[in-house]
Amino acid sequence: MTADSYSLKLGPHPGAAKVARLAVERRLQDWALPDLLDDVHLITTELVSNAARLGAVFELTISRPGDRTVLVEVRDCADGEPSIRAAEPDEEDGRGLFIVQAYATEWGWRADGDGKTVWARCGR
């Protein structure tokens, strides 16, 4: 039996998203949820990349609130509401939350001490 929640602190380095994806992949294997892997990978990559840009240590938590549901949460040091913006076609970034919204069952955020947590749920 594996735990239904896993947390990992990550630093603001270019490899943070890769480390996060590996952690997600392992948890989803443990939980026998391979059908959610692609969506959870995309969501994790976007949320972790956003947090890494802030230049401080942040925390990724992956949990299984239901049998066929995965919750990805990233707590960072920034305050203020994250928002989806319309990126120009030639811009290289600015589509992260748009991707999260497209692949998550639902997503949101909450103020969390001196920062915020952005979360996304996948599955049924």
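Whatever comes next refers back to the structure up there.
Cut-off values and rules
- Residues numbered from 1 in each chain as written.
- Predicted model: local features only at pLDDT ≥ 70, side-chain atom pairs only at ≥ 80, totals over all residues.
- Heavy atoms only, no water.
- Helix = DSSP H or I, 4+ residues; strand = E, 2+ residues; numbered from the N terminus.
- Rg over C-alpha atoms; globule rule 2.2 N^0.38 Å.
- Buried < 20%, exposed > 50% of the residue type's maximum accessible area, 1.4 Å probe, protein only.
- Areas by Shrake-Rupley, 256 points an atom, 1.4 Å probe, with all protein chains shown as cover.
- Expected span 1.5 Å × (residues − 1).
- Contact = heavy atoms within 4.5 Å.

**Focus: the overall build of the protein**
- Within the protein one finds 3 helices and 5 strands.
- Whereas a compact globule of 124 residues would reach a radius of gyration of roughly 14 Å, the protein reaches 14 Å, a difference of no more than 12%.
- Taken along the three principal axes of its C-alpha coordinates, the protein extends 40 × 30 × 25 Å.
- A buried classification covers 40% of the 124 residues belonging to the protein.
- Only carbon and sulfur atoms are counted for the fraction: they give 49% of the accessible area of the protein, which is about 7,000 Å².

**Considering helix α2 (residues 37-52)**
- The end-to-end C-alpha distance of α2, which contains 16 residues, comes to 22 Å, matching closely the 22 Å that a straight helix rising 1.5 Å per residue would cover.
- All buried positions along α2 are accounted for by L37, V40, H41, I43, T44, T45, E46, L47, V48, A51 and A52.
- Considering only its buried residues, α2 is in contact with β1 (5-10), α1 (16-30), β2 (58-66), β3 (69-76), α3 (96-103) and β5 (115-123).

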